[in-house]
Amino acid sequence: MTKHTHHKIGDHAACIRLVPIFNHLEDSAMNYIAEKAHTKQYQKGEFLFRSQEKEDTLYIINRGKIRIYRLADSGKEQLVRILNPGDFTGEWTLFNPDAVHEEYAEATRDTVVCMIQQKDVQDFLEQYPAISLKLLAEMSKRLESSERQTTQVALESVITRLVLFLAENVEPEMGNSPTITLPMEKKDIASYLGTTPETISHKFGELEDEGLIQQLSGKRIKIQDLDDLLLYSE
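Residues numbered from 1 in each chain as written. Predicted model: local features only at pLDDT ≥ 70, side-chain atom pairs only at ≥ 80, totals over all residues. Heavy atoms only, no water.

Looking at an unreviewed UniProt entry, one finds the protein chain named Crp/Fnr family transcriptional regulator and attributed to Candidatus Enterococcus myersii.

**Concerning the overall build of the protein chain**
Put simply, the test is: Helix numbering and strand numbering both begin at the N terminus, where a helix is a DSSP run of H or I of at least 4 residues and a strand a DSSP run of E of at least 2. Any residue under 20% of the maximum accessible area for its type is buried, any over 50% is exposed, and the rest in between are partly exposed; the area is computed with a 1.4 Å probe on protein chains only. Contact criterion: two residues are considered in contact whenever any of their non-hydrogen atoms come within 4.5 Å of each other. The protein chains shown are the only cover counted for residues, whose accessible areas, like all others here, come from Shrake-Rupley with a 1.4 Å probe.
Along the backbone of the protein chain there are nine helices and twelve strands. Dimensions of the protein chain, computed from C-alpha atoms along their principal axes, come out at roughly 55 × 40 × 30 Å. Going through the 234 residues of the protein chain one by one, you find that 44% of them count as buried. Nonlocal contacts in the protein chain, meaning residues at least 24 apart in sequence, comprise 71% of its contacts between residues at least 6 apart. Total accessible area on the protein chain is roughly 12100 Å²; 49% of this is exposed by carbon and sulfur atoms.

**Some remarks on the sheet that holds strand S5 (residues 66-71)**
Formally: Two strands are counted as paired when DSSP detects at least two bridges linking them. Axes here mean lines fitted to C-alpha atoms, for a helix over just the part in contact, with angles spanning 0 to 180 degrees between N-to-C directions.
Taken together, the four strands give an open sheet; going across it, the order is S3-S8-S5-S6, and neighbouring strands pair in antiparallel fashion. At either end of the open sheet lies a strand with only one pairing partner, and these are strand S3 (47-49) and strand S6 (77-83). Neighbour-to-neighbour, the strand axes of this sheet turn through a mean angle of 30°, independent of strand direction. Bridging between S5 and S6 involves six bridges; their strand directions are antiparallel. When the sheet's bridge partners are listed, isoleucine 66 is paired in S6 with leucine 83.

**Description of the sheet that holds strand S12 (residues 220-223)**
Spatial ordering of the open sheet is given by S10-S12-S11, a layout of three strands whose pairing is antiparallel. Every interior strand has two partners, whereas the edge strands, strand S10 (179-181) and strand S11 (213-215), have only one. Strand-to-strand twist across the sheet, computed as the mean angle between neighbouring axes with direction ignored, equals 25°. With three bridges connecting them, S10 and S12 associate as antiparallel partners. Bridging from a neighbouring strand, isoleucine 180 pairs with isoleucine 221 of S12.

This is the structure:
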């Protein structure tokens, strides 16, 4: 069952500090924003919101994990993204007062979320214009990611989608033979890439048989040679 919790402002400030769109502000500004926030606890399997529900809230993940997904007409899930502490959702509704959600947001474990109402966020944007730039940058990044995901599902083979997904999780400083940690479970990777868990497991096995990756414990993947891996996808 969802719980409202009335934490001290300091707790909310800690939540605000997790978020890139706010954490560049001075402490006094973050404390002001924290005064407007309230906190909710969600148990595993509970929804922050469902598709077609009207909403006017910015949700910030404080603890836990949220999966954002859409349902096709066939009922098949399409994972959009996984939210971890410091991530947020609901930003599109901030600029569209009559908009409804097109996605589902489900807690995949017990989760604590800081919530700020639309009117309060709009006040912050007027007082602290730098937030607007950070928010626009994040929204642009998500739009680009969404378009790339849609294009890949429509045009690329599953193995190419998987290779590109692995490559996207390599940071520049990791070099050409990195060990990455998968950002989600393999069944969620399957949903994100528009295929089945069985197919994804098979494709991971194929890449390992080819000597391109090594599957380690704890969702870690050793990429033997990133250039070779990318060439394999072509």
